[in-house]
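# Report on the structure
These are the residues of each chain, in order.
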Amino acid sequence: MEMLLVEKISIDFWRLKRVVRFETGCVKKFIQDTVNTFYSSWEKKSTQEIKIEINNRKNTIEWNTRYIKCLENGLVTFDQEIWKNKDIESDIIDDFYQIAKNIDYDKKTKEENSLLYKEEYGFKEIKNFIKRYGYSTQKEISCRLIELLLKQNEDLRKEICDLETEKEKNKSDELLNAEICAIPEGSSIDKVMKYETSIQRSIYQNLLLLNKLQEAP
């Protein structure tokens with residue numbers, strides 16, 4: 001009888017441990033509802049989406065760096081819409097627009113700013129446009145493009161740092177979510193507390209009975 005009581009008390013103690021998990025399960029449901037409500041209010045990027053954005057920015061930096069070297073070496077010409085080399089090519093009209101859009105806004109007329117915004121200038125028109133603002137020779141255009149591309153690379157590196165931070169935060173969030181999801185769903189708090197009380201009562205009664213048996217002659 002003593003052996004049976006000890007076994008019953010041991011089982012009840014294990015059940016008490018499981019009660020904690022049931023209680024945590026109730027908390028889990030509340031946390032999940034709160035998190036779902038929070039994230040439903042704004043679009044959160046997945047880790048995979050962040051990785052793709054990081055790679056895209058790294059590829060842009062790599063392309064810019066190669067193009068800068070071509071500009072520094074005087075290889076790029078600006079007399080036709082597409083410039084090609086064996087390893088790289090550039091849309092020259094995009095280069096001209098990049099220069100034009102970075103000219104001080106107040107220096108341009110309202111109509112010019114509107115046409116630039118809508119990108120309604122053709123190749124010759126945009127070339128003449130930047131020429132009017134001091135970019136007429138190959139050297140002047142190349143130097144300005146180098147400045148803009150270096151600035152773009154700097155901005156892209158900052159964006160990558162921000163994305164890396166966001167990715168690390170995602171890892172923490174995903175780890176927390178995995179831990180929360182590993183907790184079994186529980187019943188209501190009232191039912192859990194009643195179950196816990198009944199186990200505690202069973203342990204107490206069995207301990208008293210065991211004590212009596214051990215004291216018996």
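Residues numbered from 1 in each chain as written. Predicted model: local features only at pLDDT ≥ 70, side-chain atom pairs only at ≥ 80, totals over all residues. Heavy atoms only, no water.

## Description of the overall build of the protein chain
Counting secondary structure elements, the protein chain contains seven helices and two strands. For the protein chain, the sequential pattern of α-helices and β-strands runs α-α-β-β-α-α-α-α-α. The buried share of the protein chain, taken over its 217 residues, is 28%. Restricting to contacts in the protein chain with at least 6 residues of sequence separation, those with at least 24 account for 73%. Carbon and sulfur atoms form 54% of the exposed surface of the protein chain, whose accessible area is close to 15,100 Å². (Helix = DSSP H or I, 4+ residues; strand = E, 2+ residues; numbered from the N terminus. Buried < 20%, exposed > 50% of the residue type's maximum accessible area, 1.4 Å probe, protein only. Contact = heavy atoms within 4.5 Å. Areas by Shrake-Rupley, 256 points an atom, 1.4 Å probe, with all protein chains shown as cover.)

## A word on helix α3 (residues 92-101)
Of all 10 residues that make up α3, seven are buried, and the element is covered over most of its length. Of the residues making up α3, those classed as buried are Ile92, Ile93, Asp95, Phe96, Tyr97, Ile99 and Ala100.

## As for helix α5 (residues 123-132)
Among all positions of α5, only Phe123, Ile126, Phe129 and Ile130 are buried. Axial view of α5: buried residues confined to an arc of 125°, hence all on one face. More than 90 degrees from the buried face of α5, the exposed residues found are Lys124, Lys131 and Arg132. (Arc of directions from axis to C-beta.)

## Examining a nonpolar patch on the surface
The grouping of Met1, Leu4, Leu209 and Leu213 at the surface amounts to a nonpolar patch, some 390 Å² of accessible area in total. With respect to the helices and strands, Leu4 occurs in helix α1 (residues 2-39). Using a relative accessible area of 55% as the deciding quantity, one classes Leu4 as exposed. (Patch = residues over 30% accessible without salt bridge, like charges linked within 9 Å, V, L, I, M, F, W, Y side chains within 5 Å. Salt bridge = Lys/Arg side-chain N within 4 Å of Asp/Glu carboxyl O.)

## Considering unusual backbone geometry
Despite not being glycine, Glu119 has its phi angle at roughly 55°, a positive value. Mapped onto the fold, Glu119 is located in the loop between α4 (110-118) and α5. Among the residues examined, Glu119 registers a relative accessible area of 44% and is labelled partly exposed.

## Examining the environment of Tyr67
With respect to the secondary-structure elements, Tyr67 resides in helix α2 (residues 47-72). A residue is classified by how much of its surface remains accessible, and Tyr67, at 1% relative accessible area, is buried. Linking Tyr67 and Leu145, residues 78 residues apart in sequence, is a C-alpha distance of 9.6 Å. Discounting chain neighbours no more than four positions away, the residues touching Tyr67 are Val76, Phe78, Trp83, Ile88, Ser90, Ile92, Asp95 and Leu149.

## Examining the packing of α3 against α5
Between α3 and α5, the least distance of the axes is 9 Å, while the angle of their chain directions is 35°. The interaxial crossing formed by α3 with α5 has left-handed handedness. Side by side, α3 and α5 meet where Ile92, Ile93, Phe96, Tyr97, Ile99 and Ala100 of the first sit next to Phe123, Ile126, Lys127, Phe129 and Ile130 of the second. (Axes fitted to C-alpha atoms, helices over the stretch in contact; angles between N-to-C directions. Left-handed = near helix turned anticlockwise from the far one by under 90°.)

## Considerations on the nonpolar core
Residues Tyr67, Phe78 and Ile126 are the most contacted members of the largest nonpolar core, which totals 27 residues. Of all the elements in the fold, those that place two or more residues in this core are α2, α3, α5 and α6 (138-181). Per element, the largest residue contribution to this core is six residues, and it comes from α3. Beyond its immediate chain neighbours, meaning those up to four positions away, Phe78 contacts Tyr67, Leu71, Ile92, Asp95, Phe96, Phe123, Lys127, Gln138, Ile141, Ser142 and Leu145. Counting seven residues, the second largest nonpolar core, distinct from the first, contains Leu5, Leu16, Val19 and Leu210. (Core = buried A, V, L, I, M, F, W, Y, C linked by side-chain atoms within 4.5 Å.)

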